[in-house]
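# Observations on the model geometry
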Amino acid sequence: MQISKLNKGFGKIGAFQIKNRWLFIIALALITVLGSSGLRKLSLSGSEESWFADWEQVKIDSDHFEDIFGSEDSIMVLVEADDVFAPEVLNAIKRLGERLVAEVPYADEVTSITDLSIPIGNDEGFEIANPFEDGIPTSLEEIQEKKDFILGRNSVRNYLVSDDAKETWVLLSLDPYEGGIDFATENIAPYAEEVIFSDEFTSDAYTFKPTGMSYSEMEEDKVTAKECLLRVCSGFIVMILCLALFVRSVRGIIVPLIATIGGISSVLGFSAYLGIVGDSNLITLPILLGMALSVGYSIHYINSFRMFFRQSGKRKDSVIKAIEETGWPILFTVITTVASLISFLFAGIGPIRWVGGISASIVLAVYIYVIILIPILLSFGKNKQPNPEQVKTGATKIDMKFYRFGGKVLDHKIMVCIISSAIMLISALGIFKIRVNMDYVEMMGNKIPYVARTLSMLDGKLGSMYDYNIVIEYEDTDEFKNPERMKKLESLEQYAGTLSLTKISSGTPRVQSVIRLIKELYRTLNYDKEEFYSIPEEEDMLTQLMFLYEISDSKSLFNWIDPDYKMAYIHTELSKYDSNSIMSDLNNVKARAIELFPDAKVSIVGEVVNYAEMNGKLVKGELKSFVGSFIIIAILLMIAFASIRTGLIGMIPNIAPVLIIGGIMGYCSFYLDMLTMTIMPMILGIAVDDTIHFTNHIKFQLEKGYSFREAITVSFREIGKTMGMTTFILCAMFFMYTFSPMACLYRVGLLAILGLGSALIADYTITPALMYIVKPFSNMKIKEED
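Okay, so let's go over this structure. (Residues numbered from 1 in each chain as written. Predicted model: local features only at pLDDT ≥ 70, side-chain atom pairs only at ≥ 80, totals over all residues. Heavy atoms only, no water.)

### A few points about the overall build of the protein chain
- When you go through the protein chain residue by residue, the secondary structure sums to 25 helices and 14 strands.
- C-alpha atoms of the protein chain, sized along the principal axes, occupy 110 × 50 × 45 Å.
- Going through the 786 residues of the protein chain one by one, you find that 59% of them count as buried.
- Contacts in the protein chain between residues far apart in sequence, at least 24 positions, make up 81% of those at least 6 positions apart. (Helix = DSSP H or I, 4+ residues; strand = E, 2+ residues; numbered from the N terminus. Buried < 20%, exposed > 50% of the residue type's maximum accessible area, 1.4 Å probe, protein only. Contact = heavy atoms within 4.5 Å.)

Below, the structure written as structure tokens:
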């Protein structure tokens, strides 16, 4: 494939654009207006529900669990005080519960120390009663009596209230709602937030710390939305500053801005028309990428135009010449970048597939805007006298410095290859230290206020934010009316309490099931004797206990066991999230459950199960997307340069930044999460751009009759500065990420900068050194060295 022939074809396209420039401008304006009008329909979601397809087992098990026991979502408020049984605190808890039920949509009922159902013995046997049913007593003695009674209940102590009475939960259960967690974050959680942080509950005597699935998701969405807006706006300002620094013309600033805004808004608008829901956690990546590449493409065109304009002084001829020389390499860089981003579709993860597809579309869109607008708008204006000093080469003083730098690289080519190989080897070893972790607290970082609050909750006796449910289900009804089944359930509950991540409060594992209700009622019926806090031996007695609970407080009973008594679950709270330990705990407890209940179906559901599944998806997704990206780009390079050897040489300098990113992640303990997993394939797709420009330019110079050394040094002179400019702009855009308090955004920014910077260094050193040593394009007649 001769570069000179391709260039002539692009020159004809450029001439056609100039001839019909008004038609192109009108058409592009209409498309922009139509696409941008769809932005008002754009919908974003940050829920992990989108990670799982309906056919996946984890989704099937979760949906089945919610069909039986209702949504796992609830509004939870941890109350901290010197004594939660102090009159002021009790009254605040009571009022909080009443307001939550009255003002929060889909509110079901509140459970707290002031709204509590406990079996209490009486002359007729027992009753399910609330110790504070008649209100908060004014007598401290009476309050103390109720406090002693509540703290004496095994099923309540260190579950609902800590044994030192410094912490207690206010739990608001929710009625079923449709629309998933996104609906709750918009239509339920904000009302709870308004109540919890109202002036009525401002006091030095207690502190309210809210949490819950939809509530935490709401707070995460707020932080993410703010950070996304801030990063995009700061990136936009950086883009303008970079254009002003490098282009130094009003026209050169306005056109890339139009291309950026038009391309990004059109793609997002048309995606909204198609009903595609975006990911709020990842949306800044395609936007900033589109902004940066738009400027990069523009600078390649503008610098090439200026070089020819300095030589000839003829504006339209210079525009066409610039299109001739840059049209093919820029198009090819777009193709490889798009191919790299499309490789995200192989990941099998909804949000990652979205970011890959939308990013590829934005890259293609901004390219179309740039390739149409830049040449057309540069063609407007007057000719001028050529610069006498630059008529021959059009080179500036900086260009000549790059020319001399290229010569020095070739003079030390062996040393360049040895040093580069050593750096890549050391970096490669660090990749094996990378760990996967989808812990969103770690991803967000403790600089985020609500995350810091959550971490402070975990330090207490009751605070917990991670949990899972071990579900046992039989085909036949009444299986759990068998005492042996219940004793096995108790055994499994005790085993779960011994696992490494299970939360322990004052020696009590935070593991609950229907067992505690049965044991509490059995003890109540036997004059509160501690020896009867157990599962009865006789099936008739067990059946009677559950029947008594069913007619007196069925809601509490059926929160833990289904009405057919064939399905029950154990709720286990965790002290923290650790990706490796949680997999071990889940596998061990499931194996133990299968051993105890060989005839039943055993499943585990809950948020940490989702995280564990997501960890596995991330590893597979990263491998698939990276390998897919690598293979696609390698094939494209081989086709474009009509040489397997040249294609493989072109991939070597682009592996360097990927290895360096992986090494830094491993050595610096940066986790692989849903944001950092996008970096390697994305950097590979972007880094190859400069390699394509450089290799393409070398081949073009060889076709013009230069020797290998001359072709390489001339290429340094003509595009070395532009390569540095485009990389600087990309790094400057991602630099805005490093100011984010969100840990994951900071890491993405830092890794992107290091990856892009190392890619540029590799193209300044490894690419020319290898080209000079290997001397590809053997099918061409190349001038011998002087």
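### Side note on the sheet that holds strand β3 (residues 107-111)
- The sheet built from 4 strands is open, its strands ordered β3-β6-β2-β7 with antiparallel pairing. Of all strands in the sheet, those with a lone pairing partner are β3 and β7 (206-211), marking the two edges. Here the strands of the sheet are splayed against their neighbours by 20° on average, with no regard to which way each runs.
- Judged from the 7 bridges that link them, strand β2 (residues 74-81) and strand β6 (residues 167-174) form a sheet pairing that is antiparallel. Looking across to β6, one finds that Ser74 is bridged to Ser173. (Pairing = 2+ DSSP bridges. Axes fitted to C-alpha atoms, helices over the stretch in contact; angles between N-to-C directions.)

### Quick word on the pairing of strand β14 (residues 601-605)
- Most of β14 is tucked away: 4 of the 5 residues are buried.
- Across 5 bridges, the pairing between strand β9 (residues 466-473) and β14 is antiparallel. Each bridged residue has a counterpart across the sheet, and for Ile472 the counterpart in β14 is Val602.

### Side note on the sheet that holds strand β12 (residues 511-512)
- With antiparallel pairing, 4 strands are arranged side by side in an open sheet as β12-β13-β9-β14. Here the strands that pair on one side only, and so sit at the sheet edges, are β12 and β14.

### Comments concerning the side chain of Ser304
- In this structure, Ser304 sits in helix α10 (residues 284-312).
- If near-sequence neighbours (up to four positions away) are discounted, Ser304 is found in contact with Ala322, Glu325 and Thr326.

### Quick word on a nonpolar patch on the surface
- Together, Ile31, Leu34, Phe270, Tyr273, Leu274 and Ile276 make up an exposed nonpolar region whose accessible area comes to about 550 Å².
- Looking at the nonpolar patch, the elements with two or more residues in it are α2 (21-36) and α9 (250-273).
- With respect to the helices and strands, Ile276 occurs in the loop between α9 and β8 (277-279). (Patch = residues over 30% accessible without salt bridge, like charges linked within 9 Å, V, L, I, M, F, W, Y side chains within 5 Å. Areas by Shrake-Rupley, 256 points an atom, 1.4 Å probe, with all protein chains shown as cover. Salt bridge = Lys/Arg side-chain N within 4 Å of Asp/Glu carboxyl O.)

### Details of the packing of aromatic side chains
- Applying the stated criterion across every chain yields a total of 27 aromatic pairs.
- Relative to Tyr565, the ring of Phe558 has its centre 6.1 Å away and its plane inclined at 65°; by these criteria the two rings are edge-to-face. Residues Phe558 and Tyr565 agree in their burial class; the two are buried.
- Through a chain of ring-to-ring contacts, the aromatic side chains of Phe402, Phe405, Phe694, Phe716 and Tyr764 assemble into a single cluster.
- We note Arg592 situated over the ring of Tyr495; from NZ or CZ to the ring centre the distance is 6.0 Å.
- We note Arg747 situated over the ring of Phe670; from NZ or CZ to the ring centre the distance is 6.0 Å. (Phe/Tyr/Trp six-rings, centres within 6.5 Å; stacked < 30°, edge-to-face > 60°. Lys NZ or Arg CZ within 6 Å of the ring centre and 35° of its normal.)

### So, the nonpolar core
- Tyr468, Ile472, Met486 and Leu489 are the most contacted members of the largest nonpolar core, which has 198 residues in total.
- For this core, the element with the most residues is helix α12 (residues 350-378), which contributes 18 residues.
- Setting aside residues no more than four positions away along its own chain, Ile472 makes contact with Phe480, Leu489, Leu492, Lys566, Met567, Ala568, Ala593, Phe597, Ala600, Lys601 and Val602. (Core = buried A, V, L, I, M, F, W, Y, C linked by side-chain atoms within 4.5 Å.)

### Describing the packing of helix α14 (residues 413-431) against helix α25 (residues 743-774)
- Relative to each other, α14 and α25 sit at 125°, their axes nearing to 9 Å. When the interaxial angle is binned, α14 and α25 end up oblique. Remark: the crossing between α14 and α25 carries left-handed chirality. Judged by residue contacts, Lys413, Ile414, Val416, Cys417 and Ser420 of α14 engage Thr765, Ile766, Ala769, Leu770, Tyr772 and Ile773 from α25. (Parallel < 35°, antiparallel > 145°, perpendicular 65-115°, else oblique. Left-handed = near helix turned anticlockwise from the far one by under 90°.)

### A look at the environment of Arg404
- Turning to its location among the elements, Arg404 is positioned in helix α13 (residues 397-411).
- Taking the C-alpha atoms as reference, Arg404 lies 45 Å from Ala29; in sequence the two are 375 residues apart.

### Some points on the environment of Tyr527
- Within the fold, Tyr527 resides in the loop between α18 (514-525) and α19 (539-557).
- Spatially, the C-alpha atom of Tyr527 lies 18 Å from that of Met546, the residues being 19 residues apart in sequence.

### Thoughts on the pairing of β2
- Counting buried positions along β2 gives 6 out of 8 residues, so the element sits mostly inside the fold.
- With 6 bridges connecting them, β2 and β7 associate as antiparallel partners. The partner of Val79 across the bridge, within β7, is Phe208.

### Topic: the state of the cysteines
- Taken as a whole, this structure holds 0 disulfides when the rule is applied.
- Cys242 carries a free sulfur, and the closest cysteine sulfur to it, the one in Cys731, is 10 Å from it.
- Cys228 provides the cysteine sulfur closest to Cys744, a residue in no disulfide bond, and the two sulfurs are 9.4 Å apart. (Disulfide = S-S within 2.5 Å.)

### Points about the packing of α13 against α25
- α25 packs onto α13 with a crossing angle of 60° between their chain directions and a minimal axis gap of 9 Å. In terms of orientation, α13 and α25 fall into the oblique class. α13 and α25 meet at a crossing whose hand is right-handed. Side by side, α13 and α25 meet where Phe402, Phe405, Val409 and Leu410 of the first sit next to Tyr764, Thr765, Pro768 and Tyr772 of the second.
- Of the residues contributing to the contact of α13 with α25, the split by class is 7 nonpolar, 1 polar and no charged. (Nonpolar A, V, L, I, M, F, W, Y, C, P; charged D, E, K, R; others polar.)

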